[in-house]
Amino acid sequence: MQKLNFPDYSFRFKNSENKTAVFDEIRKKFVILTPEEWVRLHTVQFLMKEKQYPKSHLNVEKQLKLGKMTKRYDVVVYKPNGKIQLIVECKAPSIKISQATFDQIARYNMSLDATYLMVTNGLEHYYCKLDYAEEKYHFLQDLPEYLNL
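Residues numbered from 1 in each chain as written. Predicted model: local features only at pLDDT ≥ 70, side-chain atom pairs only at ≥ 80, totals over all residues. Heavy atoms only, no water.

### Focus on the sheet that holds strand β1 (residues 13-16)
- Taken together, three strands build an open sheet; the order of strands is β1-β2-β3 and the sheet is antiparallel. Each edge of the open sheet is held by one strand with a lone partner, namely β1 and β3 (29-32). Strand-to-strand twist in this sheet, taken as the mean axis angle between neighbours without regard to direction, amounts to 40°.
- Of the strand pairs in this sheet, strand β2 (residues 19-24) and β3 are connected by four bridges, and their pairing is antiparallel. Within β3, the residue paired with Asp-24 across the bridge is Lys-29.
- On the sheet, helix α1 (residues 35-50) packs against β1, β2 and β3 and is oriented at approximately 20° with respect to β2. (Pairing = 2+ DSSP bridges. Helix = DSSP H or I, 4+ residues; strand = E, 2+ residues; numbered from the N terminus. Axes fitted to C-alpha atoms, helices over the stretch in contact; angles between N-to-C directions. Contact = heavy atoms within 4.5 Å.)

See below:
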């Protein structure tokens, strides 16, 4: 798999039906390794190891109802009170981050009400803090660490 713009992390791999699978420690199972999954796994490690987000506060690949449509978010980080702190949208490294990507995460956030948004393709990372009072978001250089939220 491609080298990403994250620190190096170690993962457990196995062959499954002639495909490579990798262990997702949040879902506690092996999943087929795709370019987007590679980015998602690195993002989760980044949040836990670099930003000190507790593993128990992370959720990966869950369904979300948007009106009559069912979607899946990539990563969500919860606050201790159960509210959503961060939504992450992961794309494969070959996918350019575009306005459509931001539109997608904004649609998800209409029902999730997160404080922060992160969009990444593993090579480029964008972070935003939402300002609900002003109805806008502010781009950040980095995400705050869990202890500084």
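From this point, the discussion proceeds with the structure in view.
### A few points about the nonpolar core
- Counting 28 residues, the largest nonpolar core has Leu-47, Tyr-53, Leu-58, Leu-86, Met-118 and Leu-143 as the members making the most contacts within it.
- Excluding residues within four positions of it along the chain, Leu-47 makes contact with Gln-52, Tyr-53, Leu-58, Val-75, Val-77, Leu-86, Val-88 and Leu-143.
- Of all hydrophobic cores here, the second largest spans 14 residues; its members include Ile-87, Ile-97, Phe-102 and Ile-105. (Core = buried A, V, L, I, M, F, W, Y, C linked by side-chain atoms within 4.5 Å. Buried < 20%, exposed > 50% of the residue type's maximum accessible area, 1.4 Å probe, protein only.)

### Quick notes on the pairing of strand β8 (residues 125-131)
- When strand β7 (residues 116-120) meets β8, the two strands line up antiparallel, connected through five bridges. By the bridge assignment, Thr-120 is partnered in β8 with His-125.
- Joining the antiparallel neighbours β7 and β8 is a turn of four residues, in which Gly-122 adopts a positive phi near 85°.

### Quick notes on the layout of surface pockets
- If you add up the space inside the largest pocket, you get close to 200 Å³.
- Forming the walls of the largest pocket are 14 residues, and the residues nearest its centre are Ala-106, Asn-109, Leu-117, Leu-130 and Tyr-137.
- Taken together, the elements giving at least two residues each to the lining of the largest pocket come down to α2 (99-112), β8 and β9 (136-140).
- Across the lining of the largest pocket, the residue classes break down as eight nonpolar, two polar and four charged. (1 Å grid on protein atoms, 1.4 Å probe; cavity = no way out; pocket = protein on both sides within 12 Å on 5 of 7 lines; lining within 4 Å. Points joined across faces, edges and corners; volume = space filled by probe spheres on them. Nonpolar A, V, L, I, M, F, W, Y, C, P; charged D, E, K, R; others polar.)

### Section: α1
- Here α1 is 16 residues long and its end C-alpha atoms lie 22 Å apart, about the 22 Å a rise of 1.5 Å per residue gives.
- Counted residue by residue, α1 has twelve buried out of 16 residues, so it is predominantly covered. (Expected span 1.5 Å × (residues − 1).)

### Quick word on α2
- Here α2 spans 20 Å end to end across 14 residues, near enough to the 20 Å set by a 1.5 Å rise per residue.
- Every buried residue belonging to α2 is among Thr-101, Phe-102, Gln-104, Ile-105, Tyr-108, Asn-109 and Leu-112, and all of these are buried. The buried residues of α2 occupy one face: seen down the axis, they fall within an arc of 155°.
- One or two residues past the end of α2 sits Asp-113, with phi positive at roughly 55°. (Arc of directions from axis to C-beta.)

### Concerning unusual backbone geometry
- Of note in the backbone geometry, Lys-28 takes a positive phi value of approximately 55° without being a glycine.
- Residue position: Lys-28 is located in the loop between β2 and β3.
- You will see that Gln-52, though not glycine, has its phi angle at about 65°, which is positive.
- Looking at the secondary structure, you find Gln-52 in the loop between α1 and β4 (58-66).

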